[in-house]
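Letter by letter, the chains look like this.
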Protein chains: 2
Amino acid sequence: MKLPEKVTIKEVGPRDGLQNEPHQISTEHKVAWIDHLSESGLSYIEVTSFVHPKWIPQLADAAEVLSSIQRKPGITYAALVPNMHGLRRALEGNADEVSVFMSASESHNKNNINKTITETLPVLKEVVSEAKRAGKTVRGYVSTVIACPYEGMISPEQVKEIGARLFDMGIDELSLGETIGVAAPTDVERLLDTLLPEFGPDRLAMHFHDTRGTALANVSKALEMGISTFDSALGGLGGCPYAKGAAGNVATEDLAYMLDAMGMETGVRMEALIEAGELMESILGKPLKSKQLEIYRKVEKG
Amino acid sequence: MKLPEKVTIKEVGPRDGLQNEPHQISTEHKVAWIDHLSESGLSYIEVTSFVHPKWIPQLADAAEVLSSIQRKPGITYAALVPNMHGLRRALEGNADEVSVFMSASESHNKNNINKTITETLPVLKEVVSEAKRAGKTVRGYVSTVIACPYEGMISPEQVKEIGARLFDMGIDELSLGETIGVAAPTDVERLLDTLLPEFGPDRLAMHFHDTRGTALANVSKALEMGISTFDSALGGLGGCPYAKGAAGNVATEDLAYMLDAMGMETGVRMEALIEAGELMESILGKPLKSKQLEIYRKVEKG
């Protein structure tokens, strides 16, 4: 297997994880957890979202989280923004990077953002321009890149079209979200066969949910095709509130295990991830779902 | 991806799954479960083991299970045998196929079978000869093909050496057991790069445990290399009593999902697997760990 030497893990747990968590977590707990994550060797943490609290009440304290975390040099602290209002708040809080988002599927976009794709594009365009003017890098998320909960399979051409529009706006990286966790490696190959000739591997990231247990198989296929940036959430937290039955993101610690076993450098320390996982388990009062935490609990119990 | 068109799933739950289950399951329940499995489209079920009850008390009722199940035409009902005494009992029960087993690691072999590798080989040779004379096909399991809980990484050459000895004895298929569930796709590639030129893909099966969540990634890599037979256990049951912390086999229903999503025919019906999973959950009085059962429970709950 030809593989990248170095892989970047982008931790999205504080945003994509917690936005779908029914449990209300205090700002203090979020900050403590993010500070723990900062000590684990991660280079990127998406810490919150400036989506209106009406939609995501779990992250209503976005500004406070962003201003309270201890920023460690070398780590990019990013925030999701849906529109200009969100961008202004993220800039006030001095997020290192902002992320914009939309869906490759018309119906999912409508359900998730309450706008058509055509209506969404100019909103994002303004946000991206303004963020770039403010000197920030911008990440673009496109969700339902393989399948949509309402429309079924999504064509790679449609994803390429949306990706091209986002790159035209000036985004620095496109994160391909497999929102509902149905993909198999063949789907990943089909998608990347279409996207790689257009965008190359270095500006693409992949974002897998592990609903059906195929996330690491998909990561492995994407790695072979040259992708070297993957999103994940500690403890497999997360899901999509607008995609019924969608389970969490691939767990950061399980992703890190496989990458390490495949000989790739990620810079993260497993022990620190486990500690951050234990902290979140104590905050939530329930076990998180990752194989590494499961093994850790078994070994601890003897 | 170049992939096999058809894949055979060999269900090892009634043996590899239940042998490690602390819960004592009645013969009646085992038989009911196997009869359910027979209705799911599987073509191979390893129903029990004739290892001495001193070692595996969970399967002390091997003869009764074998004689009580409803055999469906077209399904191979196999039994594991450790020695001539076990073989005689399996032949008395008219198992369709018998499996012999040993480890690629000296220490694991010693711990698991209480013999050195050198001492094990002549025992298996006699069993294989006698089984073949009785007109049975024989499967050879070799465990710890990637790593051993006592010795660490195992060299592919050592696995090839053991495999060659087993094929020389007359086994029909070699099942490569990744006993402790540490493998990544790169390990699978390394192993198969060594074994395939010697044995070809058609006489090899792979047997993954999902301890670290990499089982389906490993299956995907093996498929790309031409392997078309995989062992799994319904509900991810199983583990190895002599390999501490080893979690269960890859779940049959999760394997079947991925194979189907990759466009491969397996013949199994997901609905029937879910029903068999629910039956075992009610027998054990606890949820089984598979993504498909998790999704099913979520959807049922609404």
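Just so it is clear, the structure is predicted and the values come from calculations on it, not from any experiment. (Residues numbered from 1 in each chain as written. Chains lettered and ligands numbered in written order. Predicted model: local features only at pLDDT ≥ 70, side-chain atom pairs only at ≥ 80, totals over all residues. Heavy atoms only, no water.)

## Examining the packing of helix 2 (residues 27-38) of chain A against helix 11 (residues 270-284) of chain A
All names here are of chain A. As a reminder, the rule being used: For helices, the axis comes from a line fit to the C-alpha atoms of the stretch in contact; other axes are also lines fit to C-alpha atoms, and the angle between any two N-to-C directions lies between 0 and 180 degrees. Helix and strand assignments follow DSSP, with helices taken as H or I runs no shorter than four residues and strands as E runs no shorter than two, numbered in order from the N terminus. With respect to orientation, any angle under 35 degrees is reported as roughly parallel, any angle over 145 as roughly antiparallel, any angle of 65 to 115 as roughly perpendicular, and every other angle as oblique. What makes two residues a contact is simply this: any of their non-hydrogen atoms within 4.5 Å. Gly is placed with the polar residues, together with every amino acid not listed as nonpolar (Ala, Val, Leu, Ile, Met, Phe, Trp, Tyr, Cys and Pro) or charged (Asp, Glu, Lys and Arg).
Following both chains from N to C, one finds helix 2 and helix 11 inclined at 170°, their axes separated by 9 Å at the closest point. In terms of their interaxial angle, helix 2 and helix 11 are classed as roughly antiparallel. Note on element contacts: helix 11 touches helix 2 through Glu-275, Ala-276, Leu-279, Met-280 and Ile-283, opposite His-29, Ala-32, Trp-33, His-36 and Leu-37. Here the contact of helix 2 with helix 11 is composed, by residue class, of seven nonpolar, two polar and one charged.

## Some details on the relation of the copies chain A and chain B
This is how the line gets drawn: Least-squares fitting of one copy onto the other uses the C-alpha atoms of those residues that reach a pLDDT of at least 70 in both copies.
Structural alignment of chain A on chain B gives an RMSD of 0.0 Å, achieved by rotating through 180° and translating 0.0 Å along the axis. Expressed as an axis order, the relation between the two copies is that of a two-fold axis. Among all residues of chain A, the minimum C-alpha distance to the rotation axis is found for A:Ala217, at 1.8 Å. Same-surface contact between copies: 100% of interface residues of chain A are shared with the interface of chain B.

## Some details on the side chain of B:Gln292
Summarising the element assignment, B:Gln292 is placed in helix 12 (residues 291-301). Not counting residues within four places of it along the chain, the set of residues in contact with B:Gln292 comprises A:Arg212, B:Glu253, B:Asp254, B:Tyr257, B:Met270 and B:Ile274.

## Thoughts on a negative patch on the surface
Residue and element names in this part refer to chain A. Under the convention used in this document: Patch definition: residues above 30% relative accessible area lacking any salt bridge, with like charges linked at up to 9 Å and the nonpolar side chains Val, Leu, Ile, Met, Phe, Trp and Tyr linked at up to 5 Å. Note on areas: Shrake-Rupley, 1.4 Å probe, and residue coverage restricted to the protein chains presented here. By salt bridge we mean one thing: a side-chain nitrogen of Lys or Arg within 4 Å of a carboxyl oxygen of Asp or Glu. Working convention for charge: Lys and Arg count positive, Asp and Glu count negative, and His plus the chain ends are omitted. Taken as the charge centre is NZ of Lys, CZ of Arg, CG of Asp or CD of Glu, depending on the residue.
Where like charges cluster on the molecular surface, the negative patch consists of Glu-271, Glu-275, Glu-278 and Glu-300. A per-element tally of the negative patch places helix 11 first, with three residues. The topology assignment puts Glu-271 in helix 11.

## Section: the environment of B:Pro185
For clarity, the cut-off: Exposed residues in this analysis have more than 50% of their type's maximum accessible area, buried residues have under 20%, and partly exposed residues fall in between, with area computed by a 1.4 Å probe over protein chains only.
For B:Pro185, the location among the structural elements is in helix 8 (residues 185-199). The class for B:Pro185 is buried, based on a relative accessible area of 0%. The spacing of B:Pro185 and B:Asn218 is 33 residues in sequence and 4.8 Å in space, taken between C-alpha atoms. For B:Pro185, the contacting residues outside a window of four places in its chain are A:Met1, A:Ser220, A:Met258, A:Met262, B:Ala217, B:Asn218 and B:Lys221.

## Describing the nonpolar core
Filter applied, for reference: We call a set of buried residues a nonpolar core when its members are Ala, Val, Leu, Ile, Met, Phe, Trp, Tyr or Cys and they connect through side-chain atoms within 4.5 Å of each other.
Counting residues in hydrophobic clusters, the biggest one holds 198 residues, and the most contacted among them are A:Leu176 and B:Leu176. Those residues in contact with B:Leu176, other than ones at most four positions away along the chain, are B:Val142, B:Val145, B:Val159, B:Leu191, B:Leu192, B:Leu195, B:Leu204, B:Ala205, B:Met206 and B:His207.

## Concerning the confidence of the model for chain A
Note the threshold: pLDDT measures the predictor's confidence residue by residue and takes values from 0 up to 100.
Per-chain confidence: chain A averages 95 in pLDDT, with 97% of residues scoring 70 or above. Across the predicted assembly, pTM comes out at 0.96 and ipTM at 0.96.

## Digging into the packing of aromatic side chains
Residues and elements named next belong to chain A. Spelled out, the test is: The pairing test for Phe, Tyr and Trp rings, Trp by its six-membered ring, is centres within 6.5 Å, and the orientation test on the planes gives stacked under 30 degrees, edge-to-face over 60, and tilted for anything in between. Only lysine NZ and arginine CZ atoms are considered, and such an atom sits over a ring when it is within 6 Å of the ring centre and within 35 degrees of the ring normal.
Summed over all chains, the structure comprises two aromatic pairs over all chains. Arranged with centres 5.0 Å apart and planes meeting at 45°, the rings of Phe-167 and Phe-199 form a pair that is tilted. Note that Phe-167 is positioned in helix 7 (residues 156-169) and Phe-199 in helix 8 (residues 185-199), a separation of 32 residues in sequence. Looking at Phe-167, the relative accessible area reads 11%, which means it is buried. Judged by its relative accessible area of 8%, Phe-199 is buried. Sitting above the plane of the Tyr-141 ring, Arg-15 keeps its charged end 5.1 Å from the centroid.

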